[in-house]
Amino acid sequence: KADIDALGIAASSITGALPAIDGAALTGTGKVLQVVTSEDGGYTSTASTSFVQIHSFSISNVLSTSTVHITAAISHLIEGSGSGGYEITKSDGTVLAKSQHGTSGNGGWRMILPTLIGKDTSPSAGTNTYIIKMASTGGGTTVYYNYWHTNNFNTKSFYQITEVA
């Protein structure tokens, strides 16, 4: 207002709407096109040494020329003295990220919050689905996804997909 007053323009004489800004006019790389978040409170466990699907989530209207970044924060518990692991895959089975967590051979129960970050540099145009899988290293070790005992804490895992031009 001070600048307008200094120019001798009455504020009441300024009328009309500001022009809309079209994001398509922005150029360069690194432009965020969309962000999709997902949370999952489903519980499961496995002692399988093969990766088993525990959750999937999708992003729609993806451009084939973009890059899709996937972040997963997983509520995870290991029972015993072994380890467990997680991976993010595309629906065609391509592994985008992998993580392994263990108890250092100490036995007992260990709560861990693994964070996986993956990048899909060749998404398909349209809808892309990403799958979270988990496995045990064996030896009697059971791994738990979104474990909760009898406390009803509603343990959840969280996911974010970001499409970038």
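Higher on the page you've got the structure.
Residues numbered from 1 in each chain as written. Predicted model: local features only at pLDDT ≥ 70, side-chain atom pairs only at ≥ 80, totals over all residues. Heavy atoms only, no water.

(A) Structural detail: the overall build of the chain. A tally of regular secondary structure across the chain gives one helix and 12 strands. Ordering the α and β elements of the chain from the N terminus gives α-β-β-β-β-β-β-β-β-β-β-β-β. For the chain, the residues scored as buried account for 35% of the 165 residues in total. Pairs at least 24 apart in sequence give 79% of the contacts found in the chain among residues at least 6 apart. Summed over its atoms, the accessible surface of the chain is roughly 9,400 Å², and 52% of this surface lies on carbon and sulfur atoms. (Helix = DSSP H or I, 4+ residues; strand = E, 2+ residues; numbered from the N terminus. Buried < 20%, exposed > 50% of the residue type's maximum accessible area, 1.4 Å probe, protein only. Contact = heavy atoms within 4.5 Å. Areas by Shrake-Rupley, 256 points an atom, 1.4 Å probe, with all protein chains shown as cover.)

(B) Local environment of the pairing of strand β12 (residues 157–164). Most of β12 is tucked away, with six of its eight residues classed as buried. Examined bridge by bridge, strand β1 (residues 32–40) and β12 share eight bridges and lie antiparallel to one another. Paired with Asp 40 across the strands is Ser 157, a residue of β12. Alignment of strand β4 (residues 67–73) against β12, held across seven bridges, turns out to be antiparallel. Looking at the pairing, His 69 lines up with Thr 162 of β12. (Pairing = 2+ DSSP bridges.)

(C) Focus on the packing of aromatic side chains. This model, assessed by the stated rule, comprises two aromatic pairs. Ring geometry for Tyr 43 versus Tyr 144: centroids 6.3 Å apart, planes at 20°, classification stacked. Remark: Tyr 144 occurs in strand β11 (residues 142–145) and Tyr 43 occurs in the loop between β1 and β2 (44–46); sequence separation between them is 101 residues. (Phe/Tyr/Trp six-rings, centres within 6.5 Å; stacked < 30°, edge-to-face > 60°.)

(D) Representation of the environment of Thr 94 within the structure. Take Thr 94: it is sitting in the loop between β6 (83–90) and β7 (95–102). Thr 94 sits 36 residues away from Tyr 130 along the chain, and the two C-alpha atoms are 9.7 Å apart. With residues near it in sequence (within four places) discarded, Thr 94 still touches Ile 88 and Thr 89. Only 2.8 Å separates the side chain of Thr 94 from the side chain of Asp 92, close enough to count as a polar contact. (Polar contact = N/O pair within 3.5 Å; in protein donor to acceptor, adjacent residues only side chain to side chain.)

(E) Structural view of the pattern of salt bridges. Across all of its chains, the model carries three salt bridges by this definition. Two residues, Lys 90 and Asp 120, come together in a salt bridge whose shortest N-O distance is 3.2 Å. With a gap of 30 residues between them, Lys 90 in strand β6 and Asp 120 in strand β9 (residues 115–120) connect regions that are remote in the sequence. In this structure, Lys 90 and Asp 120 share a single accessibility class: buried. (Salt bridge = Lys/Arg side-chain N within 4 Å of Asp/Glu carboxyl O.)

(F) Quick look at the sheet that holds β4. Sheet architecture is open: four strands sit in the order β1-β12-β4-β9, paired in antiparallel fashion. Strands with a single pairing partner mark the edges of an open sheet, and in this sheet they are β1 and β9. Averaged over all pairs of adjacent strands, the angle between their axes in this sheet comes to 15°, without regard to strand direction. (Axes fitted to C-alpha atoms, helices over the stretch in contact; angles between N-to-C directions.)

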